[in-house]
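Listed below are the residues making up each chain.
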Amino acid sequence: MRKISKYFYCTALSVSLSMSVISSVPVFADMGVSEVENTIKSGTCSSDGKVLYEIKDEGTLHIYGEGSIQENAFEGNSEIKNVIIDEGITTIEANAFTYCENLISIQIPSTVTEIKAPAILTDGFWYGKIGNPFWGCKNLAQINVSDANTVYNSDNNTIIKTSEGIVITATDVTELSDNVKIIGSAAFSDCTQIEKIIIPDSVTEIEDNAFYNCSGLKEITISENVQKIGQQAFRDCKNLETVTIPKKVTKLSSGIFKGCSKLGSVKLPDDLETIDSE
């Protein structure tokens, strides 16, 4: 995968304490020796210093405080395996967690009301937009949004913007429910373990790059209610063998099946008006 950018803006403080030092300093007695031992980095991840973080040696990132996790805060951090965000955090800025390739799980509290999309890509390699805030987190499998969150939900290990019914992040274990109306841009990107996808009747739109590099995907059933399929929606689905485009789709965008090397059959609707060139 080609990376857009890679920055790590958080102010980090490494903590390296031996057992002999910990045992000889009384100030740590109330904190617990294991808690101090396990923290390998800590610092702030907001521009105003009100949002703090700790990374434990087992790869758990704990974020707490009030306000926004700043842009590019943990982008490309390979140490992080689990993310726990406390109540009080309100916004996850663009690219805060993109390319955290070892990230497995994330917990999002009720107070998060905005998760910003990482980028709009228009260069010679990409077309359209990327809306997945966890773009490049290829091992993400568990998503838990607080039931008290009124903006987002995590039905079937997804992040869904509830009011619009749009999936912005999916995982290898995601099964789409009837609550989904739009499959967002790059929502399933790099879900390489998925072999079969059934898009329910509730879905009317598949956005740009939605299934980019789902390299294990062999079969996809697209609901007849889908009316629009975005640019490069199935790019690099290398094992995809056959696709039927619904009758309500009148236009196919550029590069929709680029890199689908095993695709042998595409059934197009009779009323298809336009197939854009790449």
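Read on for a plain summary of the structure. The shown structure was predicted, so the numbers you read here are calculated from the model rather than taken from an experiment. Within every chain, residues take consecutive numbers counted from 1 along the sequence as written. Per-residue local features of the predicted model are confined to residues with pLDDT of at least 70, and side-chain atom pairs are confined, for both listing and counting, to 80 or more; whole-chain, interface and lining totals are unaffected and use all residues. In computing side-chain values, all of the structure's heavy atoms are included and hydrogens and water are not.

1. What to know about the pairing of strand E12 (residues 142–145)
No. 1: The two faces of E12 differ: Ile-143 and Val-145 on one face are buried, but Gln-142 and Asn-144 on the other face are not.
No. 2: Pairing between two strands is assigned when DSSP locates at least 2 bridges connecting them. Only DSSP runs of H or I with at least four residues qualify as helices, and only runs of E with at least two residues qualify as strands; both kinds are numbered from the N terminus onward. Where strand E8 (residues 105–108) and E12 come together, four bridges link them in parallel fashion. Its bridge partner being in E12, Ile-108 is matched across the sheet by Val-145. Note on exposure labels: buried denotes an accessible area under 20% of the residue type's maximum, exposed denotes more than 50%, and partly exposed covers the range between, all computed with a 1.4 Å probe on protein chains only.

2. Let's talk about the nonpolar core
No. 1: Formed by 34 residues in total, the largest nonpolar core has its most connected members in Ile-183, Phe-188, Ile-199, Ile-206, Phe-211 and Phe-234.
No. 2: Any two residues whose heavy atoms approach within 4.5 Å at even a single point are treated as in contact. In this structure, Ile-206 is in contact with Ile-183, Ile-199, Phe-211, Ile-222, Val-226, Lys-228, Ile-229, Gly-230, Ala-233 and Phe-234, ignoring residues within four places of it in sequence.
No. 3: Core analysis: the second largest hydrophobic core is formed by 32 residues, Ile-69, Ala-73, Ala-96 and Phe-134 among them. Working definition of a nonpolar core: buried Ala, Val, Leu, Ile, Met, Phe, Trp, Tyr and Cys residues. They are joined through side-chain atoms within 4.5 Å.

3. Description of unusual backbone geometry
No. 1: Of note in the backbone geometry, Asp-190 takes a positive phi value of approximately 65° without being a glycine.
No. 2: Turning to its location among the elements, Asp-190 is positioned in the loop between strand E16 (182–183) and strand E17 (196–198).
No. 3: One non-glycine residue, Asn-209, adopts positive backbone phi at about 60°.
No. 4: On the basis of relative accessible area, Asn-209 is assigned to the buried category, the value being 0%.

4. Digging into a nonpolar patch on the surface
No. 1: Residues enter a patch when their relative accessible area is above 30% and they make no salt bridge; the linking distance is 9 Å between like charges and 5 Å between nonpolar side chains (Val, Leu, Ile, Met, Phe, Trp, Tyr). What sets the accessible areas is the Shrake-Rupley method with a 1.4 Å probe; for residues, cover comes only from the shown protein chains. Throughout this description, the term salt bridge denotes a Lys or Arg side-chain nitrogen within 4 Å of a carboxyl oxygen of Asp or Glu. Taken together, the side chains of Val-266, Leu-268 and Ile-275 define a hydrophobic patch exposed on the protein surface, amounting to about 240 Å² of accessible area.
No. 2: Considering the arrangement of structural elements, one finds Leu-268 in the loop between strand E23 (265–267) and strand E24 (274–275).
No. 3: Judged by its relative accessible area of 37%, Leu-268 is partly exposed.

5. With respect to the packing of aromatic side chains
No. 1: Under the pairing criterion, centres of Phe, Tyr and Trp rings, with the six-membered ring standing for Trp, must be within 6.5 Å; the plane angle then separates stacked pairs below 30 degrees from edge-to-face pairs above 60, leaving the rest tilted. Under the counting rule described, the total for this entry stands at seven aromatic pairs.
No. 2: Their ring planes at 85° and their centres at 5.2 Å tell us that Tyr-53 and Phe-74 sit as a pair that is edge-to-face. Here the residue Tyr-53 occupies a position in strand E3 (residues 51–56), and Phe-74 occupies one in the loop between strand E5 (67–69) and strand E6 (82–85), the gap between them amounting to 21 residues.
No. 3: Of the residues examined, Phe-74 reaches a relative accessible area of 0% and is grouped as buried.
No. 4: Where Phe-97 meets Phe-134, the ring centres are 5.6 Å apart and the plane angle is 20°; that geometry is what we call stacked. Separated by 37 residues along the polypeptide, Phe-97 in the loop between strand E7 (89–92) and E8 and Phe-134 in the loop between strand E11 (129–130) and E12 bring together distant segments of the chain. Comparing Phe-97 with Phe-134 shows no difference in burial state: the two are buried.
No. 5: Connected via pairs of aromatic rings, a cluster forms that spans Tyr-53, Phe-74, Phe-97 and Phe-134.

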